[in-house]
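Observations on the model geometry
These are the residues of each chain, in order.
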Amino acid sequence: MYECHRQLVEASVPVTATNIKNRVTRKEEKGIMLIEVFQHHNSKMEALVGEEFAPGTLERYTTSLRHTVDFLQWKYQVSDIDIRKVNHALITEYEFYLRSIRKCANNTAVKYIKNFGKIIRICLANGWLTANPFVNYKAKVKKVDRVFLSEEELATMAAKEFAMDRLSQVRDIFLFSCFTGLAYVDVLQLTRADIGRGIDGEKWVIKKRQKTDVASRIPLLPSALQILEKYKDHPQCLNDGRLLPVLSNQKMNAYLKEIADLCGIHKPLTFHIARHTFATTVTLLNGVPMESVSKMLGHTNLRTTQHYAKILDIKVSEDMLLLKNKFKL
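In what follows, the accompanying structure is described. (Residues numbered from 1 in each chain as written. Predicted model: local features only at pLDDT ≥ 70, side-chain atom pairs only at ≥ 80, totals over all residues. Heavy atoms only, no water.)

1. Some details on the environment of leucine 284
Formally: Strands here mean DSSP runs of E at least two residues long; helices mean DSSP runs of H or I at least four residues long; both are numbered from the N terminus.
Looking at the secondary structure, you find leucine 284 in the loop between α13 (273-283) and α14 (290-297). Measuring from C-alpha to C-alpha, the distance between leucine 284 and isoleucine 227 comes to 23 Å, with 57 residues separating the pair along the chain.

2. Side note on helix α7 (residues 151-159)
To keep it simple, the criterion reads: The rule is simple: take the accessible area with a 1.4 Å probe, protein chains only, and divide by the maximum for that residue type; under 20% is buried, over 50% is exposed, in between is partly exposed. Throughout, the arc means that of the directions going from the helix axis to the C-beta atoms. Should any heavy atoms of two residues lie within 4.5 Å, those residues are counted as being in contact.
Inspection of α7 places Glu153, Leu154 and Met157 among the buried residues, and these make up the whole buried set. Viewed end-on, α7 has its buried residues packed into an arc of 100 degrees, placing them on one side of the element. When the buried face of α7 is taken as reference, the exposed residues oriented beyond 90 degrees from it are Glu151, Glu152 and Ala159. Looking at the packing, one finds that the buried side of α7 touches α8 (165-180), α12 (249-263) and α13.

3. Looking at the sheet that holds strand β2 (residues 203-208)
Test applied: Criterion used throughout: strands pair if DSSP finds at least two bridges between them. With axes taken as lines fitted to C-alpha atoms, and helix axes fitted only over the stretch in contact, angles between N-to-C directions fall between 0 and 180 degrees.
Read across the open sheet, the 3 strands follow the order β1-β2-β3; overall the sheet is antiparallel. The open sheet is flanked by β1 (195-197) and β3 (215-219), the only strands paired with a single partner. Here the average twist between neighbouring strands, direction ignored, is 35 degrees. With 5 bridges joining them, β2 and β3 adopt antiparallel strand pairing. Bridging from a neighbouring strand, lysine 208 pairs with alanine 215 of β3.

4. Side note on α8
One full turn of an α-helix is made of 3.6 residues, so residues set three or four places apart face in the same direction. Our working rule: Given a helix with a known number of residues, its expected span is that number minus one, times 1.5 Å.
Compared with an ideal rise of 1.5 Å per residue, which puts 16 residues at 22 Å, α8 spans 23 Å between its outermost C-alpha atoms and is within 8% of the ideal. With 14 of 16 residues buried, α8 is to be regarded as a mostly interior element. Backbone geometry just after α8 places glycine 181 at a positive phi near 80 degrees.

5. Some points on the packing of α8 against helix α10 (residues 222-230)
Two numbers describe a pair of packed helices, the interaxial angle and the distance between the axes. In plain terms, the rule: The sense of a crossing depends on the near helix, which, turned anticlockwise from the far helix by less than a right angle, makes the crossing left-handed and, turned clockwise, makes it right-handed.
In the contact formed by α8 and α10, the axes pass within 9 Å of each other and the chain directions differ by 145 degrees. For α8 against α10, the interelement crossing comes out left-handed. Contacts between α8 and α10 involve Asp172, Leu175, Phe176, Phe179 and Thr180 on the former and, on the latter, Ser223, Ala224, Ile227, Leu228 and Lys230.

6. Quick look at the environment of histidine 276
In this structure, histidine 276 sits in helix α13. As a C-alpha pair, histidine 276 and aspartate 194 span 82 residues in sequence and 22 Å in three-dimensional space. Once you skip the residues sitting within four places of it in the chain, histidine 276 turns out to touch Arg146, Val147, Phe148 and Tyr308.

7. What about a nonpolar patch on the surface?
Counted only if it meets this: Distance thresholds for patches are 9 Å for like charges and 5 Å for nonpolar side chains (Val, Leu, Ile, Met, Phe, Trp, Tyr), applied to residues having over 30% relative accessible area and no salt bridge. In short, Shrake-Rupley with a 1.4 Å probe defines the accessible areas, and a residue's cover is counted only from the protein chains shown. Salt bridges are defined as contacts in which a side-chain nitrogen from Lys or Arg sits within 4 Å of a carboxyl oxygen from Asp or Glu.
A surface patch of nonpolar side chains, about 300 Å² in accessible area, is lined by Trp74, Phe96 and Ile101. You can see phenylalanine 96 is positioned in helix α5 (residues 88-100). For phenylalanine 96, a relative accessible area of 45% corresponds to the partly exposed category.

8. Considering the pattern of salt bridges
For the structure shown, the criterion picks out 9 salt bridges. Notably, a salt bridge pairs arginine 171 with aspartate 172, separated by 2.8 Å at the nearest N-O pair. The pair formed by arginine 171 and aspartate 172 is uniform in burial state, with each residue classed as buried. Among the charged side chains, a network of salt bridges with common partners joins Arg171, Asp172 and Lys230.

9. Thoughts on the packing of α13 against α14
Where we set the bar: Roughly parallel here means an angle under 35 degrees, roughly antiparallel means over 145, roughly perpendicular means 65 to 115, and every remaining angle is called oblique. Throughout this entry, Asp, Glu, Lys and Arg are counted as charged residues, while Ala, Val, Leu, Ile, Met, Phe, Trp, Tyr, Cys and Pro are counted as nonpolar. The remaining residues, Gly among them, count as polar.
Relative to each other, α13 and α14 sit at 155 degrees, their axes nearing to 11 Å. Taken together, the axes of α13 and α14 are roughly antiparallel relative to one another. Between α13 and α14 lies a crossing of right-handed hand. Within the contact between the two elements, α13 uses Arg275, Phe278, Ala279 and Thr283 and α14 uses Val293, Met296 and Leu297. Broken down by class, the residue content of the contact of α13 with α14 amounts to 5 nonpolar, 1 polar and 1 charged.

10. Quick look at unusual backbone geometry
Despite not being glycine, glutamine 77 shows a phi value in the positive range, around 55 degrees. With respect to the element layout, glutamine 77 can be found in the loop between α4 (55-76) and α5. The exposure class assigned to glutamine 77 is exposed, which follows from its relative accessible area of 55%. The backbone of lysine 103 shows a phi angle near 60 degrees, a positive value even though the residue is not glycine. Summarising the element assignment, lysine 103 is placed in the loop between α5 and α6 (106-125).

11. Some points on the nonpolar core
Across soluble globular proteins, you tend to see nonpolar side chains buried next to one another. Applied cut-off: To define a nonpolar core, start from buried Ala, Val, Leu, Ile, Met, Phe, Trp, Tyr and Cys residues and group those joined through side-chain atoms within 4.5 Å.
Within the largest apolar cluster, 46 residues are counted, with the highest numbers of intra-cluster contacts made by Met157, Phe174, Phe176 and Leu244. If you list the elements that add at least two residues to this core, you get α7, α8, α9 (184-188), α10, α12, α13 and α14. Of the residues forming this core, the biggest block, 8 residues, is contributed by α8. Excluding anything up to four places from it in sequence, phenylalanine 176 contacts Leu182, Val187, Leu190, Leu220, Ala224, Ile227, Leu228 and Leu244. Ranked by size, the runner-up nonpolar core spans 29 residues in total, among them Leu34, Met45, Leu65 and Leu98.

Structure follows, in structure tokens:
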């Protein structure tokens, strides 16, 4: 009996009369298994894609599950593990695996650990775990300076003549995002029903962001309206019922790299940079208040928008110049 007690403690299994009896009679019940819980979570998430979750969220958790399975095989040579064996040591080993074997960058590793943490919270909520293994664990996301295009780079790209129509098409859609702040998936899904009349009587994009389900209300600048007008009779738009002939995200990003080279822009151009450009060059640098920018971007928290303001040294310089002139001797 004492030996069974010792084994239960060593295995981090709750010491109960039933567990001791099962250990003595060798009739131990199978515990709740980590990978099974993870798979069940992902299955429920998959069923709710389009209602409560975006496809990208499911994809991230699917990747997290795969990394967890690979980690257990790498570290313990098992395909699954009793949830009660998940402790602080396992979490730190998992983080080491992500950073060393998987070669994940800091923020990517932290993201996967957070996804793993959700599964642990499910186990805690159900009483399958009695102690939280994340109690003494801390991992910080490193702030990354967001790349955006300057006013000169925007003008260069807009004026550039391309030999291929496909490059011109990708450039125009990218610029549309620069002038509206819409993310790739929201531009892709944009329909005539998403264009309405704003409080000023002008045309606005009135659409819920797919990522957060928060409404964005964006007045359309003349440049954005011109692009919509240019593609209103495009065969792909007429066939799909969309406002713009958007290619896959992978193709858009591949063409954008080619466009950057042709325009002499030495920045790692991706479609999402258009959203950063709207937040910085197009709005904040032109005096649009942060609260208005936040609302147009569909941010749920003003702090998210404040990240853009922190990188705008040009704006700081302009504001301080006014002060310098005021105090000039």
